[in-house]
Amino acid sequence: MILMTGGTGLNGRMTISEFARERHPVRVLVRSLAKASEAGLDRTPGVELVEGDMARPESLCAALDRVERVLMISSATPDMVETQCRFIDTCRRARVRHVVKFSGAESGIGYDPAKFRFTRMHEEIEDHLEGSGLAWTHIRPSQFMQVYLREVPDIAAKGVLRLPFADIELSPVDIGDIAKVSFRLLRDGGHEGESLDMTGPEALTMEKIAARISAAIGREIRYVAISPEERRRSLLANGVSVGFADALDEQTAERLKRPAARVYLGTHTVFGVRPTTFAEFAQRHADDFRGGPAA
Ligand SMILES: NC(=O)c1ccc[n+]([C@@H]2O[C@H](COP(=O)([O-])OP(=O)(O)OC[C@H]3O[C@@H](n4cnc5c(N)ncnc54)[C@H](OP(=O)(O)O)[C@@H]3O)[C@@H](O)[C@H]2O)c1
């Protein structure tokens, strides 16, 4: 039996689609069956939904019954360490064999993990899992390409991509690629005791990313380099929490110190997944970048 958490989230939904496409059954832990139903998970073939909360061990008996392998995803929120560490402990007590942690502590990225709260949290959880006695694998993606969909309002209305990344490079990865790796790893097992870094196939400046979005939508999108303070003001004005804005400030400060991005496709190669380029991603989401209803 394979169990996934985070099924109503960005990566979880994509991974469930992979299971459905490959006609492979999967159990999915959700906090709310109603929310899962809104996401269409109750109508996805092969999906068994079980309600429970990763942070509440007493709610997980049915979800963890006869489970051999788990994909563990939860939100990037201040309670992430507590939620995931508790969940790992419950998995151990329920005799799960192998936990695959959806991480974010991509090594070789050049960050000082102590300076960005989410890398720091992922490292803490990874350490806890490694010391738990369970078999473990960490999937460590770089920035998601899907993060650029957050910029749709500026792109669609004003024709600009406004970010505080000066002329540094990043190597974003498509979550569709991560989902394929996750599915194959959960289905076949193995890779125990391994950390699987994943980036996209190109190191790109924001100018190059704007050019690829322009080509996909047939309209010029200009990159405008803004200051971190300007981005912070705009995030807060749009309802982002102070804590999340602080986290993004920490991440930006680290990124600006290291202008060259690493490209690592070893995990794609090992799992036989063709790396999606940003141009392909932008083409696939052209309607979203134009500001269509799905965006
Ligand atoms: N943004 C990036 O570029 C990037 C890059 C690398 C790694 N990451 C990492 O990716 C992870 C987030 O992935 P995502 O974007 O797919 O997540 P997401 O869209 O925020 O979804 C999080 C999922 O976790 C579930 N969840 C949260 N707490 C739970 C709990 N206590 N019990 C059960 N389920 C719970 C949520 O369920 P509900 O629907 O009930 O809330 C939701 O399904 C984070 O760990 C982040 O650090 C992000």
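Here, every reference points to the structure presented above.
Quick look at the structure, then. (Residues numbered from 1 in each chain as written. Predicted model: local features only at pLDDT ≥ 70, side-chain atom pairs only at ≥ 80, totals over all residues. Heavy atoms only, no water.)

### Considerations on the site of the ligand
The following threshold applies: In these notes, residues near a molecule or strand are those with any non-hydrogen atom within 4 Å of it. Any N or O atom pair separated by 3.5 Å or less is treated as a polar contact, with the protein-specific requirement of one donor-capable and one acceptor-capable atom, and with residues adjacent in sequence counted only for side-chain atom pairs. Here the Shrake-Rupley method, with its probe set to 1.4 Å, supplies the accessible areas, and only the displayed protein chains count as covering residues. Strands here are runs of E lasting at least two residues and helices are runs of H or I lasting at least four, both read from the DSSP assignment and numbered beginning at the N terminus. Residue polarity is assigned by list, with Asp, Glu, Lys and Arg as charged and Ala, Val, Leu, Ile, Met, Phe, Trp, Tyr, Cys and Pro as nonpolar; anything else, Gly included, falls into the polar class.
Of all residues adjacent to the ligand, which total 26 residues, the nearest are Thr8, Asn11, Lys35, Asp53 and His122. In the environment of the ligand, an oxygen atom lies 2.9 Å from a nitrogen or oxygen atom belonging to the side chain of Arg31. Bound to the protein, the ligand loses 82% of the 950 Å² it would expose on its own. Looking at the shell around the ligand, the elements that each hand over two or more residues are helix 1 (10-21) and helix 4 (80-93). In terms of residue class, the shell around the ligand is built from 10 nonpolar, 13 polar and 3 charged.

### Considerations on empty space enclosed by the protein
Note the following rule: A cavity here means a set of points on a 1 Å grid, drawn over the protein atoms and nothing else, where a 1.4 Å probe fits but cannot get out; a pocket is an open set with protein on both sides within 12 Å along at least five of seven lines, and a residue lines either one if it has an atom within 4 Å of a point. Grid points are joined across faces, edges and corners, and a volume is the space filled by probe spheres set on the points.
With the rule as written, the count across this model stands at 1 cavity of 30 Å³ or more. Empty space within the largest cavity amounts to approximately 170 Å³. Lining the largest cavity are 15 residues, with Ile109, Glu169, Leu170, Arg255 and Ala261 positioned closest to its centre. Mapped by element, the contributors of at least two residues to the lining of the largest cavity are strand 8 (169-170) and helix 10 (242-257).

### Details of the packing of helix 9 (residues 228-237) against helix 10
Which entries qualify depends on this criterion: Lines fitted to the C-alpha atoms define the axes, with helices restricted to the stretch that makes contact. Angles between their N-to-C directions range from 0 to 180 degrees. Note on terminology: angles under 35 degrees are roughly parallel, angles over 145 are roughly antiparallel, angles of 65 to 115 are roughly perpendicular, and the others are oblique. Crossings are assigned a handedness: left-handed for a near helix turned anticlockwise from the far helix by less than a right angle, right-handed for a clockwise turn. Contacts: residue pairs with any heavy atoms within 4.5 Å of one another.
The geometry of helix 9 relative to helix 10 is characterised by a closest axis approach of 10 Å and an angle of 160° between their N-to-C directions. Between helix 9 and helix 10, the angle falls in the class roughly antiparallel. The interaxial crossing formed by helix 9 with helix 10 has right-handed handedness. From helix 9, Pro228, Arg231, Arg232, Leu235 and Leu236 reach across to helix 10, where they touch Val242, Ala245, Asp246, Leu248, Asp249, Thr252 and Leu256.

### Some points on a negative patch on the surface
As a reminder of what qualifies: The patches described consist of residues with a relative accessible area above 30% and no salt bridge, like charges being joined within 9 Å and nonpolar side chains (Val, Leu, Ile, Met, Phe, Trp, Tyr) within 5 Å. What counts as a salt bridge is simple: a side-chain nitrogen of Lys or Arg found within 4 Å of a carboxyl oxygen of Asp or Glu. Note that His is not counted, nor are the chain ends; the positive residues are Lys and Arg, and the negative ones are Asp and Glu. We put the charge of a Lys on NZ, of an Arg on CZ, of an Asp on CG and of a Glu on CD. Only protein chains enter the accessibility calculation, which uses a 1.4 Å probe; a residue whose area is less than 20% of its type maximum is buried, one above 50% is exposed, and one in between is partly exposed.
Together, Glu123, Glu124, Asp127 and Glu130 give the surface a local cluster of negative charge. Residue placement: Asp127 occurs in helix 5 (residues 117-130). The class of Asp127 is exposed, set by a relative accessible area of 53%.

### A word on the packing of aromatic side chains
Short version of the rule: Classification of ring pairs uses Phe, Tyr and Trp, with its six-membered ring standing for Trp, and accepts pairs whose centres are within 6.5 Å; under 30 degrees between planes counts as stacked, over 60 as edge-to-face, and the remaining range as tilted.
The tally for this structure, following the rule as stated, stands at 7 aromatic pairs. With a centroid separation of 5.3 Å and 65° between ring planes, the pair formed by Phe278 and Phe281 is classed as edge-to-face. Here the residue Phe278 and the residue Phe281 both occupy positions in helix 12 (residues 278-284), the gap between them amounting to 3 residues, near one helical turn. An identical accessibility class is assigned to Phe278 and Phe281; each is buried. Through pairs of rings, three or more aromatic residues link up here, namely Tyr148, Phe278, Phe281 and Phe289.

### Digging into the nonpolar core
Going by this rule: Only buried Ala, Val, Leu, Ile, Met, Phe, Trp, Tyr and Cys residues count toward a nonpolar core, and they belong to the same one when joined by side-chain atoms within 4.5 Å.
Counting residues in each nonpolar core, the largest one holds 28 residues, and the members touching the most others are Met4, Phe19, Val26, Ile178 and Leu186. Counting residues per element, the ones that place at least two in this core are strand 1 (2-4), helix 1, strand 2 (26-30), strand 5 (98-102), helix 7 (175-188) and strand 9 (194-198). Residue contributions to this core peak at 6 residues, all from helix 7. Listed in part, the 27 residues of the second largest apolar core include Met54, Cys91, Phe116 and Leu129.

### Notes on the sheet that holds strand 5
Short version of the rule: For two strands to be treated as a pair, DSSP must find at least two bridges joining them.
Within the open sheet, the 7 strands sit side by side as 3-2-1-4-5-6-9. Their pairing is parallel. The open sheet is flanked by strand 3 (47-51) and strand 9, the only strands paired with a single partner. Recorded for the sheet is a direction-independent mean angle of 20° between the axes of neighbouring strands. Pairing analysis gives 5 bridges linking strand 5 to strand 6 (residues 135-141), with the strands arranged parallel. Residue pairing across strands places Lys101 opposite His138, the latter belonging to strand 6. Most of the contacts of helix 1 go to strand 1, to which it runs at about 150°, and overall it touches strand 1, strand 2, strand 3, strand 4 (69-72) and strand 5. Along the sheet, helix 7 contacts strand 1, strand 4, strand 5, strand 6 and strand 9; its crossing angle with strand 4, the most-contacted strand, is approximately 160°.

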